Amino acid sequence: TLLLIYEASVTIAGPSHTKSLPISELQTGPYETVLNPDELLVDVRVPPLPTGMHGVYMKFGYHHRPSLGLAAAVAVEQGSIVDVRLALGCVSPVAKRLDEAEAVLRGERIDMLGDGSTAVLQAGRIAAAGAGGLTLPVQFGGDSLVFSSILLPWGPGSGVARGGAGRGGQHG
């Protein structure tokens, strides 16, 4: 999930060939990849996030098992989101980028993304639909609150909103 927001890529080698592909194309299902029986994964390339973009990964679990993995990377300029990358894992056969939810959040004022924000609610609904109609259980705070908990580190009091690193999680 996290590697999706970094737009990582992999190199696969076989007896007579080598090929590269985006990490998003590696997994085809639970415990399944595009590798043929005679191929090996020989390299994973993880480029840094673009300058000014900071990322975080949050894993929500139930009884020590991951039940939801959400990665977000956000670039904020003058209080507005200029770029965002979101990825969701553990709730569908493969982890996936949330392109439509990203589009909803791009251009939004970071100080307007608290609980109940229309953009956060819409992004949460899009993510849930992309996960096969998932409705997040109460222990995760519901669809929009999960997105709020990911995006709030970039809120008005955070370092990211001021142009520095945000608080909490891992930052790129």
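This one's a predicted model, so the numbers in the text were calculated from it and none came from an experiment.

As judged from the 5 bridges shared by strand β1 (residues 9-13) and strand β2 (residues 18-22), these two strands associate in the antiparallel manner. Within the sheet, the bridge partner assigned to Ala13 lies in β2 and is Thr18. Hairpin geometry of β1 and β2 is characterised by an intervening segment of 4 residues between the two adjacent antiparallel strands.

This brings us to the side chain of Ser80. Assignment of secondary structure puts Ser80 in strand β8 (residues 80-89). On the basis of relative accessible area, Ser80 is assigned to the buried category, the value being 19%. Discounting chain neighbours no more than four positions away, the residues touching Ser80 are Ala75, Gly107, Glu108, Arg109 and Ile110.

Tracing the backbone through its elements, the reader meets Ala73 in strand β7 (residues 65-77). The class of Ala73 is buried, set by a relative accessible area of 0%. When the C-alpha positions of Ala73 and Met53 are compared, they lie 6.2 Å apart, and in sequence the two are 20 residues distant. Those residues in contact with Ala73, other than ones at most four positions away along the chain, are Ile5, Leu49, Met53, His54, Gly55, Asp83, Val84 and Arg85.

Summed over all chains, the structure comprises 8 salt bridges. With its nearest N and O atoms 3.2 Å apart, the salt bridge here joins Glu7 to Arg97. Note that Glu7 is positioned in the loop between α1 (2-5) and β1 and Arg97 in strand β9 (residues 96-97), a separation of 90 residues in sequence. Overall, Arg97 belongs to the partly exposed group, its relative accessible area being 23%. One salt bridge in this structure joins Asp83 and Arg106, with 3.7 Å as the shortest N-O distance. Here Arg106 lies in the loop between α2 (99-105) and α3 (118-130) and Asp83 lies in strand β8, a separation of 23 residues in the sequence. Overlapping salt bridges, with partners in common, bring together Glu7, Asp83, Arg85, Arg97, Glu102 and Arg106 in one network.

A separate point is the side chain of Glu102. You can see Glu102 is positioned in helix α2. Reaching out from Glu102, the side chain makes a polar contact with the side chain of Arg97 at a distance of 2.7 Å.

Time to look at the sheet that holds β1. Taken in spatial order, the 3 strands make up an open sheet running β2-β1-β5, and their pairing is antiparallel. With partners counted over all chains shown, the strands left at the sheet margins are β2 and β5 (40-45), one partner each. On average, adjacent strands in this sheet sit at an angle of 25° to one another, irrespective of strand direction. Direction of pairing for β1 relative to β5: antiparallel, over a ladder of 5 bridges. Each bridged residue has a counterpart across the sheet, and for Val10 the counterpart in β5 is Val44.

Before going further, it helps to spend a moment on the nonpolar core. Generally speaking, soluble globular proteins have nonpolar side chains that are buried together. Membership of the largest hydrophobic core comes to 21 residues, with the highest contact counts inside it found for Ile81, Val84, Leu86, Leu88, Leu98, Leu105 and Leu113. Of all the secondary structure elements, the ones that give two or more residues to this core are β6 (53-62), β7, β8, α2 and α3. No other element matches the 5 residues that β7 contributes to this core. In this structure, Leu4, Ile12, Met53 and Ala75 belong to the second largest nonpolar core, which totals 15 residues.

Rules used in this analysis
Residues numbered from 1 in each chain as written. Predicted model: local features only at pLDDT ≥ 70, side-chain atom pairs only at ≥ 80, totals over all residues. Heavy atoms only, no water. Pairing = 2+ DSSP bridges. Helix = DSSP H or I, 4+ residues; strand = E, 2+ residues; numbered from the N terminus. Buried < 20%, exposed > 50% of the residue type's maximum accessible area, 1.4 Å probe, protein only. Contact = heavy atoms within 4.5 Å. Salt bridge = Lys/Arg side-chain N within 4 Å of Asp/Glu carboxyl O. Polar contact = N/O pair within 3.5 Å; in protein donor to acceptor, adjacent residues only side chain to side chain. Axes fitted to C-alpha atoms, helices over the stretch in contact; angles between N-to-C directions. Core = buried A, V, L, I, M, F, W, Y, C linked by side-chain atoms within 4.5 Å.

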